[in-house]
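# Structure at a glance
What follows is each chain in one-letter form.
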Amino acid sequence: MEPPKRLITRILEFAGLFALSAFLIRLGVYYLLEVWPYMLITAVTAIITMAVWRIYKHGKDMGKW
């Protein structure tokens, strides 16, 4: 069995992992803030395309077209 770590070692490990986590979360948020307009355009285009397709299919199934 491994001997228990000293308190200062555990504190330093925690501080390092906390700093790394904060940096990665900040990096992810900045990335999302940078690409959100493109994601929004893609989502709106997909929603409009699905709506038009369903309206077209419904009309075709009813025999109107």
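Refer to the structure presented above.
Residues numbered from 1 in each chain as written. Predicted model: local features only at pLDDT ≥ 70, side-chain atom pairs only at ≥ 80, totals over all residues. Heavy atoms only, no water.

## Some remarks on the pattern of salt bridges
Summed over the entire model, instances satisfying the criterion amount to 1 salt bridge. Across the pair Lys5 and Glu13 runs a salt bridge, and its minimum N-O distance is 3.1 Å. On the accessibility criterion, Glu13 (39% relative accessible area) is partly exposed. (Salt bridge = Lys/Arg side-chain N within 4 Å of Asp/Glu carboxyl O. Buried < 20%, exposed > 50% of the residue type's maximum accessible area, 1.4 Å probe, protein only.)

## As for the packing of aromatic side chains
Inspection of the entire model under this criterion finds 2 aromatic pairs. Seen in terms of ring centroids, Phe14 and Phe18 are 5.9 Å apart; in terms of plane orientation they differ by 25°. Their pairing is stacked. Separated by 4 residues within a single helix, Phe14 and Phe18 lie in helix α1 (residues 7-62), roughly one turn from each other. Taken together, a centroid distance of 5.7 Å and an interplanar angle of 40° make the contact between Trp53 and Tyr56 tilted. On the criterion of helical spacing, the pair formed by Trp53 and Tyr56 is a turn pair, its members being 3 residues apart in helix α1. (Phe/Tyr/Trp six-rings, centres within 6.5 Å; stacked < 30°, edge-to-face > 60°. Helix = DSSP H or I, 4+ residues; strand = E, 2+ residues; numbered from the N terminus.)

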